[in-house]
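Single-letter residue listing:
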Amino acid sequence: MILLVVDTQKGCFNERLYSFERVRNNIKQLIAAARENNVEVVYVQHDDGPGTSLDKSADNYEIYEEFAPRDGEKRFEKNVNSAFHPMTVLRQHRTKTA
């Protein structure tokens, strides 16, 4: 089992979102419960490319600090709108851990 945390980067997860506090708290609770129950937490980050607000060299690319990955938790990168696109190799990771 895996908890997949997608696109929770500083550049796209912020107070402007509808029901931000509720969503933030729900994500924090899910991550905490997964970790407490030895469920793998995996992150997918979106890279919009050089010069954009989600450029992987920019601070906005980093995961929102309240649910940042711990050491050893996997991160996958994408530059398309699907975490399951072949470029992320996420499918291969899941098959290996199943």
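See the structure shown above.
Note that the structure is a prediction, hence the values are computed from the model and not measured.

Enquirer: I'm lost on the pairing of strand 3 (residues 75-78) in this one. Help?
Expert: Of the two faces of strand 3, only one is covered, namely that formed by Phe-76 and Lys-78; the face formed by Arg-75 and Glu-77 stays uncovered. Of the pairings in the sheet, the one linking strand 2 (residues 40-46) to strand 3 comprises four bridges and is parallel in character. Paired with Gln-45 across the strands is Glu-77, a residue of strand 3.

Enquirer: What should I look at first to understand the sheet that holds strand 1 (residues 2-6) in this one?
Expert: The strands that make up a sheet are held in pairs by hydrogen bonds between backbone atoms, and each pair lies either parallel or antiparallel. Taken in spatial order, the three strands of this open sheet run 1-2-3, and their pairing is parallel. Strands with a single pairing partner mark the edges of an open sheet, and in this sheet they are strand 1 and strand 3. Recorded for the sheet is a direction-independent mean angle of 25 degrees between the axes of neighbouring strands. Here helix 1 (residues 20-36) sits on the sheet in contact with strand 1 and strand 2, set at roughly 140 degrees to strand 2.

Enquirer: Would you take a moment to explain the pattern of salt bridges for this structure?
Expert: Close approach of charged atoms allows side chains with opposite charge to pair. This structure, assessed with the given rule, holds nine salt bridges. Its salt-bridge partner being Lys-10, residue Glu-65 comes within 3.9 Å of it at the nearest N-O pair. With Glu-65 in the loop between strand 2 and strand 3 and Lys-10 in the loop between strand 1 and helix 1, this residue pair connects regions lying 55 residues apart in the sequence. Note on Lys-10: relative accessible area 24%, which makes it partly exposed. The network of salt bridges with common partners includes Glu-21, Arg-24, Lys-28 and Glu-66.

Cut-offs used in this document
Residues numbered from 1 in each chain as written. Predicted model: local features only at pLDDT ≥ 70, side-chain atom pairs only at ≥ 80, totals over all residues. Heavy atoms only, no water. Buried < 20%, exposed > 50% of the residue type's maximum accessible area, 1.4 Å probe, protein only. Helix = DSSP H or I, 4+ residues; strand = E, 2+ residues; numbered from the N terminus. Pairing = 2+ DSSP bridges. Axes fitted to C-alpha atoms, helices over the stretch in contact; angles between N-to-C directions. Contact = heavy atoms within 4.5 Å. Salt bridge = Lys/Arg side-chain N within 4 Å of Asp/Glu carboxyl O.

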